[in-house]
Amino acid sequence: MIDKDRIKTATASIIEAIGQDLSTENIKDTPQRVADMYAELFSGLDIDPKVELATGFEEGHHEMVILKDIPFYSMCEHHLLPFYGVAHVGYRNNCQASPTPGKNDKADC
Ligand SMILES: [Zn+2]
């Protein structure tokens, strides 16, 4: 659950801490904009990936399937900055996803 009021208050505090005037026309709505943006950017935190990946199918073969260049967008947990890239995954017919050999199994910055 995203607490937009807390994000709005925290953003206002950061703006004041860097010496900017919250009452100026260009900045006065920034805390609300940041709260709205964070609610959207972090909306995936409440989604269970097992539910998202629950759909499967039977193809009757056992070769590894490789999916390449899957775009992703995320937020750095160390700096709260957005980053993006592409991921590659491989899986076998038993529907258990596994990292592509030789690649990292998670995205990070
Ligand atoms: Zn970072």
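Think of each chain on its own: its residues are numbered from 1, step by step along the sequence as written. This being a predicted model, a pLDDT of at least 70 is required before a residue's local features are given, and a value of 80 or more before pairs of side-chain atoms are given or counted; all residues contribute to the totals for chains, interfaces and linings.

Participant: Give me the overall build of the protein chain: which residues, what numbers.
Facilitator: Counting its secondary structure elements, the protein chain contains 3 helices and 3 strands. Along the protein chain, helices and strands appear, N-terminal first, in the series α-α-α-β-β-β. By the burial criterion, 2% of the 109 residues in the protein chain qualify as buried. Placing C-beta atoms from the backbone, we regard two residues as in contact once those atoms come within 7 Å. Taking the intrachain contacts of the protein chain between residues at least 6 apart in sequence as the baseline, contacts between residues at least 24 apart amount to 41%. In this text, helices come from DSSP runs of H or I with a minimum length of four residues, and strands from runs of E with a minimum of two, each type numbered from the N-terminal end. Exposure classification rests on a simple neighbour count of other C-beta atoms within 10 Å of a residue's own: a residue reaching 20 or more is buried, one at 12 or fewer is exposed, and one in between is partly exposed. C-beta atoms are placed from the backbone.

Participant: How would you summarise unusual backbone geometry if you had to cite specific residues and measurements?
Facilitator: The backbone of Asp-69 sits at a positive phi, close to 60 degrees, despite the residue not being glycine. Exposure remark for Asp-69: the 8 C-beta atoms within 10 Å place this residue in the exposed category. With a phi close to 55 degrees, Leu-80 is a non-glycine residue in the positive phi region. For Leu-80, the position within the fold is in the loop between β1 (65–75) and β2 (82–91).

Participant: I'd like a rundown of helix α1 (residues 4–17), residues and numbers included.
Facilitator: Each full turn of the α-helix corresponds to 3.6 residues, which orients residues three or four apart in the same direction. Expected span, for any helix, means 1.5 Å times one less than how many residues it has. The first and last C-alpha atoms of α1 sit 20 Å apart over 14 residues, in line with the 20 Å expected at 1.5 Å per residue. Taken from the residues just after α1, Gly-19 is the one with a positive phi, measuring 85 degrees.

Participant: Describe the pairing of β1, naming the residues involved and giving the relevant values.
Facilitator: Little of β1 is tucked away: 0 of the 11 residues are buried. Alignment of β1 against β2, held across 9 bridges, turns out to be antiparallel. Paired with Phe-72 across the bridge in β2 is Gly-85. Any two strands with at least two DSSP-identified bridges between them are counted as paired. Taking the residues that link successive antiparallel strands as the turn, the β1-β2 hairpin has 6 residues, and the phi of Leu-80 there is positive, at about 55 degrees.

Participant: Give me the packing of α1 against helix α2 (residues 30–41): which residues, what numbers.
Facilitator: Between α1 and α2, whose axes approach to 8 Å, the crossing angle comes to 130 degrees. The orientation of α1 with respect to α2, classified from their angle, is oblique. Viewed along their axes, α1 and α2 form a crossing whose handedness is right-handed. On α2, the residues touching Lys-4, Ile-7, Lys-8, Thr-11, Ala-12 and Ile-15 of α1 are Thr-30, Pro-31, Gln-32, Val-34, Ala-35, Tyr-38 and Ala-39. Each residue receives one of three labels: charged for Asp, Glu, Lys and Arg, nonpolar for Ala, Val, Leu, Ile, Met, Phe, Trp, Tyr, Cys and Pro, and polar for the others, Gly being one of them. Its residues placed into classes, the contact of α1 with α2 shows 8 nonpolar, 3 polar and 2 charged. Axes, fitted as lines to C-alpha atoms, cover a helix only where it is in contact. Angles between the N-to-C directions of the axes lie from 0 to 180 degrees. Each angle receives one of four descriptions, namely roughly parallel if under 35 degrees, roughly antiparallel if over 145, roughly perpendicular if within 65 to 115, and oblique otherwise. Take the far helix as the reference: if the near one is turned anticlockwise from it by less than a right angle, the crossing is left-handed, and if turned clockwise, right-handed.

Participant: Could you give an account of the environment of Gly-44, naming the residues involved and the relevant values?
Facilitator: Along the chain, Gly-44 falls in the loop between α2 and α3 (49–52). Looking at Gly-44, the number of C-beta atoms within 10 Å reads 12, which means it is exposed. With 30 residues separating them in the primary sequence, Gly-44 and Ser-74 have C-alpha atoms 9.6 Å apart.

Participant: A description of the confidence of the model for the protein chain should follow, citing residues and the corresponding values.
Facilitator: Values of pLDDT, which run from 0 to 100, indicate the predictor's confidence residue by residue. Summarising the model, the protein chain shows a mean pLDDT of 85, and 83% of its residues fall at 70 or more. The model gives residues 96–104 a pLDDT under 50, and that stretch makes 11 contacts with residues more than four places away or in other chains.

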